[in-house]
Amino acid sequence: MQFIPTEHSHRRLNPLTGQWILVCPHRMLRPWAGQEETPQKYDLPDFDPTNPLCPGVTRPNGIQNPNYTSTFVFTNDFPALLENVPEPQPVADPLFQVAPARGTCRVLCFHPKSNLTLPQMNVGDIKNVINEWITQYNELCMQYKWVQIFENKGASMGCSNPHPHCQIWACSFMPSEPLMKHEKLRSYYEQHGRPLLDDYAKRELEKNERVVIENPDWLVVVPYWAAWPFETMIISRNQNKRLNDLTASQRENLARTMKEITTKYDNLFKCSFPYSMGFHGAPTADEEQKDNSHWTLHALYYPPLLRSATVRKFMVGFELLNEPQRDLTPEQAAQRLRQTDGQKHYLQ
Ligand code: H2U
C-alpha cells in the first residue's frame, strides 16, 4: 500500500525543538460528544466602568487608569515575576536543582474600546500596538535576557478580560522553550552556515503547500510540524532578529499581516477565534553582545479550535504522556486558511 499523508498516520519532526508530532488525519471522521466551547460574546459595551482595563477606571488596587485614547501600558498588579526577590542558594544535588527568577510583568491595552479585537481594529491602530511593543521591548531588553510579548485571546485560552490587551513578561533568565530553540537554531547554523528559519521560509515558498499569506516582508505558514490544528507562524523575510530591528514599513506590513491572519481565523468558523500568540527573537541584555546570527524573528499563533466555533482540540491523554497529536494535516489546515477571506471580517 502506498503512503498517503492525508490518510495515513505518520510523525513529523519540529526542528526548532527536536520534538516529534504524531499526525493522524483519519481521526477527523470520529464523532464528538465531548465538551463544547462557548464562543466569546460580541454584545459587549465599548466602555464598562467595572472593567479595570478601561480608560479612566480605578483598578481594585486604587490606581486610576488615564483616559487613554490609543494604547496604555501598566505594571501588572498581580505580577508573576518581581524585580527584587531574594535568590535561592545554588544546590549541588542534581535531583533538587533551583535557579533565581527575577523579572517584571506588564499589561498593554491595545485600544480604549472594550468591544474590539485585533482583526476588527484598523491597520493604523494595530501599528500603534506594534510601536508600543517596540518601545516596551527597547526599555526591557537592556536589563532582561528574555522579553516575552504574548496575547491570550478568548476565555478558552485563559484570557481573564475581554478588553483587547496583551501581556509582557521580562525575565532575568531564558525560559526552557526559547532556550531549546536557541540551541537548535545555533546547531543548524553551525552545520549549514545559514539561519534555519530563513532556509525554512525559502523552502516553504518553493513547495507552496503550507503558505497562507505572503508579502515582501512576512511569510505566514502552517508549519510542517504544527501541533495545534490551525497553528501558524509569521516569519520575517528580512533577516530581522528582534522586534526592534523592524523598519517603519516592515511594522506597517506586520500590522497588515496580523490583521489578515486574524481576520481569516475569525472568518473560518465565524467566531472570535481564540489563540495564544507571541513573538520569539534573539535573546537580549548580556546575550545581545554574543553572536545571534542563527536567529530569525517570528511570531507564533496557537489556536485551540479544531472543527467549529465550539469544538476544540484537547492536548491531554496521549499528548500529555507521549507527544502532541494532530488530526487534519498542516497542508489541509493551510488550504482552508488560504481559501478563507482575510480582507473583510464576517461581522463587517
Ligand atoms: P489575561 O487576560 O491574559 O489574564 O491578562 C490580564 C492581566 O491583567 C492579568 O495578568 C492583570 C491580570 O493580572 N490585571 C491587573 O494587573 N490589574 C487589574 O486590576 C485586573 C487585571
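Everything here concerns the structure above.
Keep in mind that what you see is a predicted model, and the values were worked out from it rather than measured. (Residues numbered from 1 in each chain as written. Predicted model: local features only at pLDDT ≥ 70, side-chain atom pairs only at ≥ 80, totals over all residues. Heavy atoms only, no water.)

Trainee: Teacher, can you tell me more about the packing of helix 1 (residues 123–140) against helix 4 (residues 248–269) here?
Mentor: Running from N to C, helix 1 and helix 4 cross one another at 120°; their axes reach a closest spacing of 9 Å. By the criterion of interaxial angle, the relationship of helix 1 to helix 4 is oblique. For the pair helix 1 and helix 4, the sense of crossing is right-handed. For the pair helix 1 and helix 4, the contacting residues are Val-123, Ile-126, Lys-127, Ile-130, Asn-131, Trp-133 and Ile-134 in the first and Arg-251, Glu-252, Leu-254, Ala-255, Arg-256, Met-258 and Lys-259 in the second. Residues that form the contact of helix 1 with helix 4 fall into these classes: 8 nonpolar, 1 polar and 5 charged. (Axes fitted to C-alpha atoms, helices over the stretch in contact; angles between N-to-C directions. Helix = DSSP H or I, 4+ residues; strand = E, 2+ residues; numbered from the N terminus. Parallel < 35°, antiparallel > 145°, perpendicular 65-115°, else oblique. Left-handed = near helix turned anticlockwise from the far one by under 90°. Contact = heavy atoms within 4.5 Å. Nonpolar A, V, L, I, M, F, W, Y, C, P; charged D, E, K, R; others polar.)

Trainee: So what exactly am I meant to see when it comes to the site of the ligand here?
Mentor: Lining the immediate surroundings of the ligand are 15 residues, of which Asn-76, Asp-77, Ser-160, His-165 and Gln-167 lie closest. Side-chain polar atom of Asn-76 to an oxygen atom of the ligand: 2.7 Å apart, as the coordinates give it. Ser-160 is positioned with one of its backbone polar atoms (N or O) 2.7 Å from an oxygen atom of the ligand. Contact with the protein chains removes 87% of the 460 Å² of surface that the ligand exposes when unbound. Of the residues belonging to the shell around the ligand, the class tally is 6 nonpolar, 7 polar and 2 charged. (Near = heavy atom within 4 Å. Polar contact = N/O pair within 3.5 Å; in protein donor to acceptor, adjacent residues only side chain to side chain. Areas by Shrake-Rupley, 256 points an atom, 1.4 Å probe, with all protein chains shown as cover.)

Trainee: Would you take a moment to explain the sheet that holds strand 5 (residues 146–153) for this structure?
Mentor: Strand pairing in a sheet relies on backbone hydrogen bonds. The paired strands run either parallel or antiparallel. Strands sit in the order 3-4-6-5-10-11-9-8-7 across an open sheet of 9 strands; the sheet is antiparallel. In this open sheet, the two edge strands, each paired with only one partner strand, are strand 3 (72–75) and strand 7 (211–214). Taking the axes of each pair of neighbouring strands and ignoring which way they run, one obtains an average angle of 20° across the sheet. As judged from the 5 bridges shared by strand 10 (residues 275–280) and strand 11 (residues 298–302), these two strands associate in the antiparallel manner. Paired with Ser-276 across the strands is Tyr-302, a residue of strand 11. Lying on the sheet, helix 3 (residues 196–207) is in contact with strand 7, strand 8 (218–221), strand 9 (232–236) and strand 11; it crosses strand 8 at an angle near 70°. (Pairing = 2+ DSSP bridges.)

Trainee: Quick question: what am I supposed to make of the sheet that holds strand 1 (residues 10–14) here?
Mentor: One open sheet accounts for 3 strands, arranged 1-2-12; its pairing is mixed. Looking along the sheet, the strands with just one partner apiece sit at the ends: strand 1 and strand 12 (325–326). Alignment of strand 2 (residues 19–23) against strand 12, held across 2 bridges, turns out to be parallel. By the bridge assignment, Val-23 is partnered in strand 12 with Arg-326.

Trainee: Mind showing me how you'd approach unusual backbone geometry here?
Mentor: Trans peptide bonds make up the majority, and among non-glycine residues the majority have a negative phi. Phi at Gln-239 takes a positive value of approximately 60°, unusual for a residue other than glycine. For Gln-239, the location among the structural elements is in the loop between strand 9 and helix 4. On the basis of relative accessibility, which here comes to 48%, the residue Gln-239 falls in the partly exposed class. (Buried < 20%, exposed > 50% of the residue type's maximum accessible area, 1.4 Å probe, protein only.)

Trainee: I'm lost on the pattern of salt bridges in this one. Help?
Mentor: Pairing between side chains of opposite charge can happen when the charged atoms of each approach one another. Applying the stated criterion across every chain, the model contains 16 salt bridges. The partner of Glu-287 in a salt bridge is Lys-290, and the shortest N-O contact between them spans 3.1 Å. Accessibility expressed as a relative area gives 12% for Glu-287, which makes it buried. Bridged by salt links that share partners, the residues Arg-12, Glu-204, Glu-209, Arg-210 and Glu-331 form one connected network. (Salt bridge = Lys/Arg side-chain N within 4 Å of Asp/Glu carboxyl O.)

Trainee: What is the right way to read the state of the cysteines from this model?
Mentor: Here a disulfide denotes a covalent bond joining the sulfur atom of one cysteine to the sulfur atom of another. Taken as a whole and judged by the stated rule, the model has 0 disulfides. Sulfur of Cys-166: no disulfide; nearest cysteine sulfur belongs to Cys-109 and is 8.8 Å away. Residue Cys-166 is classed as buried on the basis of its relative accessible area of 1%. (Disulfide = S-S within 2.5 Å.)

Trainee: Would you mind showing me how to read the side chain of His-10 here?
Mentor: With respect to the helices, strands and loops of the structure, His-10 is situated in strand 1. Polar side-chain contacts of His-10 include one of 3.1 Å to the side chain of Arg-12. Ignoring any residue separated from it by four or fewer positions in sequence, one finds His-10 in contact with Phe-3, Pro-5, Ile-21, Leu-22 and Val-23.

Trainee: Is there a simple way to explain helix 2 (residues 176–192) in this structure?
Mentor: Count 3.6 residues to each turn of an α-helix, and residues three or four apart come out pointing the same way. Taking 1.5 Å of rise per residue, the 17 residues of helix 2 would be expected to cover 24 Å, and the 24 Å separating its terminal C-alpha atoms lies within 8% of that figure. Residues Pro-178, Lys-181, His-182 and Leu-185 constitute the buried set of helix 2. Buried positions in helix 2, seen along its axis, are confined to an arc of 105° and lie on one side of it. For helix 2, the exposed residues lying more than 90 degrees away from the buried face are Ser-176, Glu-190 and Gln-191. The secondary structure elements touched by the buried residues of helix 2 are strand 5, helix 3, strand 10 and strand 11. The first or second residue beyond helix 2 is Gly-193, which carries a positive phi of 75°. (Expected span 1.5 Å × (residues − 1). Arc of directions from axis to C-beta.)

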